[in-house]
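# Overview (structure and organization)
Each chain, letter by letter, is given below.
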Amino acid sequence: MSDGITDGAEDVLGVLTERIEARFGMDIGQLKAAVAASPAANPDATDVVKWHGLLAQAQSVLDRAEDDLLAALETQPSEADDPTMDLAHRVNAAVTTRDGRAMVVRWLLDPDAPGKKDLAAERLARLRPRSGPAVPTSAPVPAGTPAPASVRQMGRSVR
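So, here's what we can say about the structure.

Reading guide: rules and limits
Residues numbered from 1 in each chain as written. Predicted model: local features only at pLDDT ≥ 70, side-chain atom pairs only at ≥ 80, totals over all residues. Heavy atoms only, no water. Core = buried A, V, L, I, M, F, W, Y, C linked by side-chain atoms within 4.5 Å. Buried < 20%, exposed > 50% of the residue type's maximum accessible area, 1.4 Å probe, protein only. Helix = DSSP H or I, 4+ residues; strand = E, 2+ residues; numbered from the N terminus. Phe/Tyr/Trp six-rings, centres within 6.5 Å; stacked < 30°, edge-to-face > 60°. Lys NZ or Arg CZ within 6 Å of the ring centre and 35° of its normal. Salt bridge = Lys/Arg side-chain N within 4 Å of Asp/Glu carboxyl O. Expected span 1.5 Å × (residues − 1). Arc of directions from axis to C-beta. Polar contact = N/O pair within 3.5 Å; in protein donor to acceptor, adjacent residues only side chain to side chain.

Attention now goes to the nonpolar core. Ranked by size, the top nonpolar core spans 16 residues in total, and within it Leu-16, Ile-20, Phe-24, Leu-31, Leu-55 and Leu-109 carry the most contacts. Elements represented by at least two residues in this core include exactly α1 (9-24), α2 (28-37), α3 (43-75) and α4 (82-109). It is α1 that provides the largest number of residues to this core, a total of 5 residues. Formed by 7 residues, the second largest nonpolar core is a distinct cluster that contains Leu-62, Ala-65, Leu-87 and Ala-94.

As structure tokens, this is what we get:
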């Protein structure tokens, strides 16, 4: 990756954590506490905290996968067997996941990133205050419960 982010295991998470702390003017623990206390106060901070958590989780999975692969490689006399190759594929998948999440965090931190200043971004920003789907107007019907008569009648043709 570019922008000072290397392939080192701790470097990606560490560099992005430093950027988050610089952007919001507090350490990541304080930012997480502030977002937990009031998630709607700063939607940008809420998004960054969410994706930083996902990035940290992906880094942890990668670390474990790398440790497992190294342990397996130490027991291999020459060529890697199928289970060891499966571990290598697991490491590759974990790197891909971690790097994808790191890209999202970088995008969230960059105010000039593509897609943040165009017409679509403005439209999306207007929709953003809505925090979730509309409240359902009726209670959900448990599975296996027969439909009310009024619903059964709707399926009949009217003449």
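Here the focus is the packing of aromatic side chains. Applying the stated criterion across every chain yields a total of 0 aromatic pairs. Cation over ring: Lys-116 sits above Trp-107, and NZ or CZ is 4.5 Å from the ring centre.

Our next topic: the pattern of salt bridges. Applying the stated rule across the entire model yields 3 salt bridges. For Arg-23, the salt bridge is made with Asp-44, and the minimal N-O distance between the two is 3.9 Å. One end of the pair, Arg-23, is in helix α1; the other, Asp-44, is in helix α3, with 21 residues separating them in the sequence. On the basis of relative accessibility, which here comes to 38%, the residue Arg-23 falls in the partly exposed class. The exposure class assigned to Asp-44 is partly exposed, which follows from its relative accessible area of 36%. Of the charged contacts in the structure, one is a salt bridge between Arg-98 and Asp-99, with a shortest N-O distance of 2.8 Å. Arg-98 sits in the buried class, given a relative accessible area of 2%. The exposure class assigned to Asp-99 is buried, which follows from its relative accessible area of 18%.

In this model α4 runs 41 Å from its N-terminal to its C-terminal C-alpha over 28 residues, within 8% of the 40 Å that 1.5 Å per residue would give. Every buried residue belonging to α4 is among Thr-84, Leu-87, Val-91, Ala-94, Arg-98, Asp-99, Ala-102, Val-105, Leu-108 and Leu-109, and all of these are buried.

Let's shift gears to the environment of Asp-47. When you line up the elements, Asp-47 lands in helix α3. With 62 residues separating them in the primary sequence, Asp-47 and Leu-109 have C-alpha atoms 9.9 Å apart.

Bringing α2 into the picture now. Among the residues of α2, those classed as buried are Ile-28, Leu-31 and Val-35. Looking down the long axis of α2, one finds its buried residues gathered within 60° of arc, a one-sided arrangement. Every exposed residue of α2 that faces more than 90 degrees away from the buried side is listed here: Ala-36 and Ala-37. For α2, the N-terminal cap is Asp-27; the gap from its side-chain oxygen to the backbone nitrogen of Gly-29 is 3.1 Å.

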